[in-house]
Structure formats: structure tokens, C-alpha cells
Amino acid sequence: MRYQMLTTAALAAVALADDSSSASATTTGIPATSTYDIKVGSDNLKFDPETLTASPGDLLNFHFYNGNHSVAQSSYDSPCQAQDNGIFSGFFAGGSGKDEDSKVFSMRLNDTNPMWLYCAAGEHCKAGMGMVINAPSGSDQTLSSYKDKAKSADVKVPSSVYGGVVHDKPQGTTTASASSASATKKSGAAVVAARGSMLGLVGGLVGVVMLL
Ligand SMILES: [Cu+2]
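Remember, predicted model here, so these are calculated numbers, not experimental data.

Calculation rules
- Residues numbered from 1 in each chain as written.
- Predicted model: local features only at pLDDT ≥ 70, side-chain atom pairs only at ≥ 80, totals over all residues.
- Helix = DSSP H or I, 4+ residues; strand = E, 2+ residues; numbered from the N terminus.
- Buried ≥ 20, exposed ≤ 12 C-beta atoms within 10 Å, placed from the backbone.
- Contact = placed C-beta atoms within 7 Å.
- Pairing = 2+ DSSP bridges.

Chemist: Help me understand the overall build of the protein in this model?
Modeler: Per the secondary structure count, the protein includes three helices and nine strands. Mapped in sequence order, the helices and strands of the protein form the string α-β-β-β-β-β-β-β-β-α-β-α. When each of the 212 residues of the protein is scored for burial, the buried share is 27%. Long-range pairs, those at least 24 residues apart, make up 68% of the contacts in the protein with a sequence separation of at least 6.

Here it is as C-alpha cells:
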């Protein structure tokens, strides 16, 4: 039960962070946070990019392609083993409706600690489907050594989504526009729509947790 409450709190934090960041960007002039799009499975059993340096407050969007994939977090020492205070997106499989055209898993970074990520589908992790965010500098803990260790690891699949939210991909954000005014308006509406769906999802998950 404690674990479920922590999960709920984490999801709420994502939604709240989304609101506060947009407010501060418009009212105080604090530098805007960055958004990173990460492709999962677009190039066989790989993340693209496989390494990423990002800052607290940055938003990470994981997009899923071609077949059954997911993103989960392990420690460096235990590749393919989901850790409780990490993230798990759930599985995205072509044909299930959760494909690259409609859904995305999003999370906001809280710190610059290294995040070792893998795909929990089948044997993908053992086959080298891993990535690292904010890899430790000057360390022998590298992505290639993480992948080497993964070859002989057991895969632990988390039982539920946590550490982020699955939501509908905003519509129209990739459409090229003739004027900057209409582009701004369009993306603003899309952001509001995305936020609404994220909050709705959080509410739904809270409801599910209450039932458990
Ligand atoms: Cu995979």
C-alpha cells in the first residue's frame, strides 16, 4: 500500500511539475526546460538516442515503434532488474492501440543522477536494448559495460506503470505551419489538451489505486 501511494504521489508530481514549469516560464523569465524525444525500437532493439545528458525539470517523451517494447529503470549493477523508485512505461505493442501514432510515455527529471534504462520486453534487455541518461563522467560505468552485464542478467518485469504517465500524443504539434502566430496557437492548444489528458489519466489511476 505504501508503494502504491508513492506511485500515486509520483504521478501527481509529474502533472504538477507540468503546470508549474509553464507558469514560471511565462511569469519569471526562468530559462525554459528542455523536452527530449526518445525513440524506442525505431532501429531494431535500440533506444535512439542511447545516451542523453539532461537537466532537472526536463521532460522526456518516449515514443514506441515496431513491435513490443517498453522502458524500465534498473541500477547499473543489476541490468534488466526494475527498481522500485524508477520508471516503467508498460508495454507498447503494435496493434494494441498503444503504438507510435497515438501514445507516449512521459516523465520529468528530478535530478542529474544516472538513469540506466532498458526494455523489459522478452529478451530485449539481454540483447542490448539499454540506454543511459546522465552517465557518470570519468567512471568505468559505461553503457557498453552495462550492456555486457545485461547479457547474463535475468529480466524483471514491473507489474504496473510508475514514475511517469502514458498519455495521448498531442495532435498537430508536428505539422508545419505558415505563420508563427498560428503555430504558437496550435501548439498551445495541444499542450493544454495533453495536460488535460495527463490529469485525467492521473485521476483514473488514483481511482484504480483506491480500489486496490
Ligand atoms: Cu524492446
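There is more to say after this.
Chemist: Sorry if this is basic, but what is going on with unusual backbone geometry here?
Modeler: Note: most residues except glycine have negative phi, and most peptide bonds are trans. Residue proline 49 is reached from aspartate 48 by a cis peptide bond, and omega for that bond is 5°. Phi at asparagine 66 takes a positive value of approximately 40°, unusual for a residue other than glycine. For asparagine 66, a count of 16 C-beta atoms within 10 Å puts it in the partly exposed group.

Chemist: Whenever I open this one, the sheet that holds strand β4 (residues 59-64) confuses me. Can you help?
Modeler: In a beta sheet, neighbouring strands are held together by backbone hydrogen bonds and run either parallel or antiparallel to one another. A sheet is described by the order of its strands in space; here five strands give the open sequence β2-β1-β4-β6-β9, paired in mixed fashion. Sheet topology places β2 (47-48) and β9 (165-168) at the edges, where each strand pairs with a single neighbour. Pairing of strand β6 (residues 103-108) with β9 involves four bridges; the strand directions are antiparallel. Note that in β9 the partner of lysine 103 across the bridge is aspartate 168.

Chemist: For this particular structure, what's the right way to read the environment of isoleucine 38?
Modeler: Residue placement: isoleucine 38 occurs in strand β1 (residues 35-40). It is 10.0 Å that separates the C-alpha atoms of isoleucine 38 and threonine 51, two residues lying 13 residues apart in sequence. In this structure isoleucine 38 touches Phe47, Asp48, Pro49, Leu60, Asn61, Phe62 and His63, once residues within four positions along its chain are discounted.

Chemist: Can you walk me through the pairing of β1 in this structure?
Modeler: A regular strand places its side chains on the two faces of the sheet in alternate fashion. Where β1 and β4 come together, six bridges link them in parallel fashion. Looking across to β4, one finds that valine 40 is bridged to phenylalanine 64. Here β1 pairs with β2 via two bridges, running antiparallel. The residue bridging lysine 39 from the neighbouring strand is aspartate 48, located in β2. Connecting the antiparallel pair β1 and β2 is a turn made up of six residues, with glycine 41 showing a positive phi of about 85°.

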